[in-house]
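Coordinates in review
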Amino acid sequence: MKKILMINGSPNEKGCTFTALDEIATELKKNGIESEILWLGKKPMSDCIACYSCVKTGNCAFNDQVNEVSEKLDDYAGLIVGSPVYYGGPNGRLTSFLDRLFFTSSAKLQGKFAASVVSCRRGGATAAFERLNQYFLMTNMHVVGSQYWNQVHGHSPEDVKKDEEGLQTMRTLARNMAYLVKATDCAEKNGIPVPQHEPIIRTNFIS
């Protein structure tokens, strides 16, 4: 059975965002689903420069973690993206990574399960959460919900571990994700086909 890729977009490898993702990983394992957490690190991350090189080659012109993840996407049933909240939104490094990954690899991402997780000290979580979900909603991915918006609160990992509702929300998300991955695996084994989509129509509003 395919596993879940979790992307930690925080510059702090073992910070609040990791604490939320680790709670999900633990619950996924309890439900028979393996996962791995990819930390994007602290090195500079290039933005998408709209060169369209990926349209011709299938790879981003900047050969970094984006291409590494793209090459392995077939091994994953789903994607969970985690981010700290900066000024009411996800951090720039993560959005640069996702802009390029989704532009390069949208065909590989279609039909996979997806969720976003955000961590904040106090406010801005829902705005950041909605921003991240836009990547999934326009890529034919199946967005997995939980009992509340996927957010944890705290200034430190120790604070997050005291956020009982936030951590429970992570566990509920993990169980929902595990169930849907198993259900899809069962559907494939029983010959239930995946949705077949029409060619995308792009309408320009310039006469």
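These notes cover the structure that comes with them.

Parameters at a glance
Residues numbered from 1 in each chain as written. Predicted model: local features only at pLDDT ≥ 70, side-chain atom pairs only at ≥ 80, totals over all residues. Heavy atoms only, no water. Phe/Tyr/Trp six-rings, centres within 6.5 Å; stacked < 30°, edge-to-face > 60°. Helix = DSSP H or I, 4+ residues; strand = E, 2+ residues; numbered from the N terminus. Buried < 20%, exposed > 50% of the residue type's maximum accessible area, 1.4 Å probe, protein only. Pairing = 2+ DSSP bridges.

**Re the packing of aromatic side chains**
Under the defined criterion, the tally for this structure stands at 4 aromatic pairs. With centroids separated by 5.6 Å and ring planes inclined at 70°, the aromatic side chains of Tyr 52 and Phe 103 adopt a geometry described as edge-to-face. Placement of Tyr 52 in the loop between β2 (35-39) and α2 (53-57) and of Phe 103 in helix α4 (residues 92-109) is noted, with a sequence separation of 51 residues between them. Classification of Tyr 52 as partly exposed rests on a relative accessible area of 48%. Look at Tyr 148 and Trp 149: their rings are 5.0 Å apart centre to centre, the planes differ by 55°, and that puts the pair in the tilted class. Using a relative accessible area of 41% as the deciding quantity, one classes Tyr 148 as partly exposed. By relative accessible area, which is 40% here, Trp 149 ends up partly exposed. In textbook terms, an aromatic cluster arises when at least three aromatic residues are bridged by ring pairs, as seen for Phe 102, Tyr 135 and Phe 136.

**Some points on the pairing of strand β5 (residues 113-120)**
Counting buried residues along β5, 8 of its 8 residues qualify, which places the element largely inside the surrounding structure. The side-chain alternation of β5 yields two buried faces, one formed by Phe 113, Ala 115, Val 117 and Ser 119 and the other by Ala 114, Ser 116, Val 118 and Cys 120. Across 7 bridges, the pairing between strand β3 (residues 76-86) and β5 is parallel. Paired with Val 81 across the two strands is Ser 116, which belongs to β5. Taken together, the 2 bridges between β5 and strand β6 (residues 142-143) define a ladder with parallel strand orientation.

Function cannot be inferred from these measures alone, as they are strictly geometric.
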